[in-house]
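Structural overview
Each chain, letter by letter, is given below.
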Amino acid sequence: MRPTLALTLAIVSEVAGTAALKASDGFTDPVAGVVVAVGYGGAFYLLSLALTDLPVGFVYATWSGVGICGAVLVGLFLFDEGVDLAALVGLALIVAGVVVLSTYSSAYSPAH
């Protein structure tokens, strides 16, 4: 599997696990609890595949940054949570940090 595909799928898996964690209502819903375990387990397995060829700084920054943005979107659209100006600024800073790290840092670029 291509490492960038593994990273993308790890992000999707982690966000799905996080959504299920919220839906599990403190693990009182067993189906959601299983989705949490599968989502997080799958995310870490896929991260391990991505890390075989990509720098750890790039992988972790991308996974966590995009995962945070994904979790906010899940909260917004699935759980009717709000986003204010401060949250939008914070998300923009996270995205900017990931872009700077992956685009301008020779130490953490995917081609390293």
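In what follows, the accompanying structure is described. By convention here, each chain's residues receive numbers from 1 onward along its written sequence. At least 70 in pLDDT is required for a residue's local features to be given in this predicted model, at least 80 for side-chain atom pairs to be given and counted, and no such filter applies to totals for whole chains, interfaces and linings, which use all residues. With hydrogens and water set aside, each side-chain value is computed from the structure's full complement of heavy atoms.

**A look at the packing of aromatic side chains**
Aromatic ring pairs: the centre-centre distance and the angle between the two ring planes describe each pair. Here is the rule we go by: Two aromatic rings, drawn from Phe, Tyr or Trp (for Trp, its six-membered ring), form a pair once their centres lie within 6.5 Å of each other, and the interplanar angle then sorts them: stacked below 30 degrees, edge-to-face above 60, tilted otherwise. The rule for a charge over a ring is simple: NZ of Lys or CZ of Arg within 6 Å of the ring centre, and within 35 degrees of the ring normal.
Following the criterion strictly, the structure yields 2 aromatic pairs and no others. Through successive ring pairs, a cluster of aromatic residues spans F44, Y60 and W63. Between the NZ or CZ atom of K22 and the centre of the ring of F79, over which it lies, the distance is 6.0 Å.

**So, the pattern of salt bridges**
Our working rule: The salt bridge definition used is simple: a Lys or Arg side-chain nitrogen within 4 Å of an Asp or Glu carboxyl oxygen. Where helices and strands are cited, they refer to DSSP runs of H or I of at least four residues and of E of at least two residues respectively, numbered from the N terminus. We call a residue buried when its accessible area falls under 20% of the maximum for its residue type, exposed when it is over 50%, and partly exposed in between, using a 1.4 Å probe and counting protein chains only.
For the structure on display, the rule yields 1 salt bridge. Salt-bridge contacts for E81 lead to K22; the nearest nitrogen and oxygen are separated by 3.5 Å. Linking E81 in the loop between helix 3 (56-78) and helix 4 (85-104) with K22 in helix 1 (residues 3-23), this pair joins segments that are 59 residues apart in sequence. Residue class for E81 comes out partly exposed when judged on its relative accessible area of 35%.

**Topic: the side chain of S13**
In plain terms, the rule: In the analysis that follows, any N or O atom pair within 3.5 Å is treated as a polar contact, provided that within protein one partner can donate a hydrogen and the other can accept it, and provided that, for residues neighboring in sequence, both atoms belong to side chains. Any pair of residues with heavy atoms lying within 4.5 Å of one another is described as a contacting pair.
Residue placement: S13 occurs in helix 1. Among the polar contacts made by the side chain of S13, one reaches the main-chain amide nitrogen of A43 at a distance of 3.3 Å. Sequence-distant contacts of S13, that is, excluding residues within four places in its chain, are made with V38, G39, G42, A43 and L46.

**Regarding a nonpolar patch on the surface**
The line we're drawing: A patch consists of residues exposed above 30% relative accessible area that lack any salt bridge, with like charges linked at up to 9 Å and nonpolar side chains (Val, Leu, Ile, Met, Phe, Trp, Tyr) linked at up to 5 Å. Residue burial considers only the protein chains on display, and all accessible areas are found by Shrake-Rupley using a 1.4 Å probe.
A cluster of nonpolar side chains, L73, L76, F77, L78, V83, L85, L88, V89 and L93, forms an exposed patch at the surface whose accessible area comes to about 910 Å². Contributions of two or more residues to the nonpolar patch are made by helix 3 and helix 4. On the secondary structure map, V89 appears in helix 4.

**Side note on unusual backbone geometry**
With a phi close to 55 degrees, D25 is a non-glycine residue in the positive phi region. Structurally, the position occupied by D25 is in the loop between helix 1 and helix 2 (30-50). With a relative accessible area of 57%, D25 lands in the exposed category. At F27, a residue that is not glycine, the phi angle is positive and equals roughly 65 degrees. Here F27 is to be found in the loop between helix 1 and helix 2.

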